[in-house]
Amino acid sequence: MGEKSGVYAYHRLSGRRPKSRIVLPAFSGQAAKQLLRQIFTMDTGFLMLLSFFVGRAMITGGLIPFPAALLAAGMTVLGDKGFLILIASAAGLATISSGHILTSTLITLVLLFLILGRTQAQFRQKWYGVPVLVAGLIIGVKVGVYSYFAPELYNYIVAIFEAILAGCATFLLIKTLPVLRKAGHTATLKKEELIGGAVLVVAVLTGMSELNFQGLQVKNVISRSLVLFAAYTGGCGFGAAMGTLAGIVPSITAEVAPGMVAVYSFSGLLAGMFRGFGRIGICIGFILGNVILSIYLTDYSQLVTAFAEILLAVVLFMAIPAKWLLALRAMVKNSLFNFNSKSISEKRVKEIVAGKVRDYSRIFRELSIAFDEVSCDVRVYEENNLQTLFSGVASKVCKGCSLYRICWDAEFYKTYRNIMDMISYIEINGRLTEEHVSPDVQKRCARLKELAVTVNCLYETYRQAQVWQRKLTEGRDILARQLDGIATMMQNLANEVKIDIRMREDIEVILRTELAKAGYSILDLSVIGEVSDQLEVSITLPSCGGKAVCIKKIKPIVSRILSQQLTVLNSNYCTKKTSEPVCEFKLVPMRAFTVEIGVASVAKDSSMVSGDNYADFDLKDGKHALVISDGMGIGPKASIESKAAIALVEKLMEAGFDHSVAVKTANSILILGSPTETITTLDLASINLMNGVVEFIKIGAVPSFIKYGSQVAMVKSANLPIGILNHIEIDTIQQQMSHDDVLVMVSDGLLGSGGDQEGETWIMDALQNIMTTDPQNIADLLLNKASLRSGGIVNDDITVLVARLVSAHD
């Protein structure tokens, strides 16, 4: 076991981060023209009109929850349109309110605009971030204003209810507004998008209250038109649902008209029933429904106005191009009738896939048990082979001899001992002759020379059979363990299949837009938020040819948008894929620590090929692995052996195998794959980048060193190299590292270059006197010191792998 190392205190340098500033754009003539061009487009014009009516939406009791909700959702999803939404909402708000209600709502909108504009996406990371911000601002501002102008309990209760409604509306509108970004490209709407759309319809219709044209209410005309659209696209059910939605709008404003719910919903039902006759049939059914109930529920003096509004709604419905209505019908049909079946089918598919993988896992487990049971003790094979040897002697030499029955029946045990003595002599001396046969056999056997030759030949056959039987047994053991490892991995995979992974399409829209503005052609982009709310961004784009665009350009943009430090998973692979046309990479949250690597190596006698090999790579569980392997001897053969050992360990660990299982499996494969011994050392360190804990596995490797400031700790373990024994014992040593601590891993060539002084001693002295913590400088310094101590003669391959742990927050 390795020595226990202490963690020594260190002085962390504190740095100040530059304060962020809001930079206000200078409005020149060119900027004003650009703003006007932005405003007078179809998309922005529609958005501003929508915002104006939402700003006018006031429900019973003086609640105005929708303007703040739309502004927050707009800045979250449509960030560049936030200022336009603010202006249009404020204009609509000014037409329906005044006094302290107008003042408090405007203050809320302005503060919301400034906070979301300054903090960018800090509130987007949690699904409740922006809704809670909206609710908190409304309560804080309105309670403060009411406490000064109208300190009444009712007003406080109204502010609280308005905050709750605004928070809920914000959450739904954040899910709905991306549809505006993807207009024309979305085949279906999700359940939350449909609900958010219903909220938006209610807000717009509410905002149209008190708008009249020639005595006709605009709200009623639009409401009836929406019922016709719903009946056309969704049939009876959707038409009745839209009628109910449109009918409750008067009830949530100052008006009290419960009969309108019945009129609208019944009209939508009849219109949907006549959908088979086309648009004309829908209009007839809608008019019939209105006529039947309006006569009983509408005041006679308002009948003419109601029928005029109905006819105007029919004209508006008939004027819509057929291709628009057909596209709307297809989208609503897919959305209404597929999202339940889709979610259920997705869940069933996940369960079926997980079950299939789990079944395969059980199959591999059973195969592992079967191979383990079939792998009998080697002694059974040895006994069988000895029986074959004895039968061969009896059939080839003794058969036909007059003394056969005496030797093999009456005195069998005596014959058995004599032949075993011959075998023992061959094992010790290598070959048997007549002179070395026991005197008793020499007196009795008439075929002494043939006996000696036959025993020699049969023993050689027996020895070869024994070797191959051992190989076969070891291969079965290896296969059993590897099948068990595959079963464990597949079981873990089955559990991962059932994890509830949420696709963050709202963030995907923002990232695609911003990266397109920056000039990047994104082939594919997905954002996954798992149950831990840890975002994982997967991006596919044309290859940069190893220029590390993912690290230098795209990572800062995405990190800025998400207001979260991200890192590129396995960023060191970028330079290895220079010839591939497409680059795929993942951005994951920055760990608590990052690793800086430095390497220095030289081959024996300055040869071009070194028997040492090394690697460092990221793992999926937030760890970073470092490996050094030293093949037996020097030159190409040693290089191939060490490179094979590292490749096996790396691929197994990246596939999800535990590091102990990975090392054991690599050892087994090396033994099975080579007819001769493949002796290779393996020095593995796995650094947990979340807490700084380092796990060491040393198989025949020399000690490693951890530099804690001016103190140095040594980590060592005594194990044989891999490739010798089939079963190896693995000791895992844990050490703690912190910010600016340095891990030094070396091959045995560095220890052997210490001259008269022991290798560990001079390395520890050198590390204590080295003032820098730069890993590359440390690696170069150690290699130069080793060269000086050995007089410039490199007697063995030398590799120095240095890793410095750096806090991600410093």
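Procedures and definitions
- Residues numbered from 1 in each chain as written.
- Predicted model: local features only at pLDDT ≥ 70, side-chain atom pairs only at ≥ 80, totals over all residues.
- Heavy atoms only, no water.
- Helix = DSSP H or I, 4+ residues; strand = E, 2+ residues; numbered from the N terminus.
- Expected span 1.5 Å × (residues − 1).
- Bend = angle between axes of the 7 residues up to and from the residue.
- Buried < 20%, exposed > 50% of the residue type's maximum accessible area, 1.4 Å probe, protein only.
- Pairing = 2+ DSSP bridges.
- Axes fitted to C-alpha atoms, helices over the stretch in contact; angles between N-to-C directions.
- Contact = heavy atoms within 4.5 Å.
- Core = buried A, V, L, I, M, F, W, Y, C linked by side-chain atoms within 4.5 Å.

Asker: Please set out helix H21 (residues 549–562) residue by residue, giving values where relevant.
Answerer: Its 14 residues place the ends of H21 19 Å apart at the C-alpha level, agreeing with the 20 Å of an ideal helix rising 1.5 Å per residue. Lysine 555 marks the point of greatest bend in H21, at about 40°, and the proline proline 556 comes within the next four residues. Turning to H21, its buried residues number three or more, namely Val549, Cys550, Ile554, Ile557, Val558, Ser559, Ile561 and Leu562. At the exit of H21 stands serine 563, carrying a positive phi of roughly 50°.

Asker: Kindly report on the pairing of strand E17 (residues 798–807), identifying the contributing residues and their values.
Answerer: The element E17 is largely enclosed, with a buried count of ten among its ten residues. Of the two faces of E17, both are covered, the one formed by Ile798, Val800, Val802, Arg804 and Val806 as well as the one formed by Thr799, Leu801, Ala803, Leu805 and Ser807. Bridge analysis of strand E8 (residues 593–602) against E17 gives ten bridges, and the strand direction is antiparallel. Note on E17: the bridge partner recorded for valine 595 is leucine 805.

Asker: Quick one: what's the story with the sheet that holds strand E11 (residues 680–688), residue by residue and with numbers?
Answerer: Taken in spatial order, the five strands of this open sheet run E9-E10-E11-E12-E15, and their pairing is antiparallel. In this open sheet, the two edge strands, each paired with only one partner strand, are strand E9 (612–618) and strand E15 (732–736). Mean inter-strand twist for the sheet, computed between neighbouring axes without regard to direction, equals 15°. Pairing geometry for strand E12 (residues 693–699) and E15, over five bridges, is antiparallel. From the neighbouring strand, glutamate 695 faces E15, where its bridge partner is glutamine 734. Docked against the sheet, helix H22 (residues 635–654) engages E9, strand E10 (623–631) and E11, running at close to 15° with respect to E9.

Asker: Please provide a residue-by-residue account of the environment of aspartate 605, values included.
Answerer: Tracing the backbone through its elements, the reader meets aspartate 605 in the loop between E8 and E9. Taking the relative accessible area as the measure of exposure, aspartate 605 reaches 56% and is therefore exposed. Separated by 191 residues in the primary sequence, aspartate 605 and aspartate 796 have C-alpha atoms spaced 7.6 Å apart.

Asker: I'd like a rundown of the sheet that holds strand E13 (residues 704–708), residues and numbers included.
Answerer: Spatially, the five strands line up as an open sheet ordered E8-E17-E16-E13-E14, and their pairing is antiparallel. The sheet is open, and its two edges are formed by E8 and strand E14 (711–715), each paired on a single side. Within the sheet, the average angular offset between the axes of one strand and its neighbour, ignoring direction, is 20°. Together, E13, E14 and strand E16 (742–746) form the strand contacts of helix H25 (residues 759–769), whose direction differs from that of E13 by roughly 25°.

Asker: Can you explain the nonpolar core? Please cite residues and give values.
Answerer: With 65 residues, the main nonpolar core has Phe66, Leu112 and Val134 as its most contacted residues. Discounting chain neighbours no more than four positions away, the residues touching leucine 112 are Ala68, Leu71, Ala72, Met75, Leu133, Val134 and Leu137. Counting residues in hydrophobic clusters, the runner-up holds 24 residues, among them Val702, Phe705, Leu782 and Val800.

Asker: How would you explain unusual backbone geometry if you had to name every residue and give the values?
Answerer: In this structure, aspartate 740 is a non-glycine residue whose phi angle is positive, near 75°. You can see aspartate 740 is positioned in the loop between E15 and E16.

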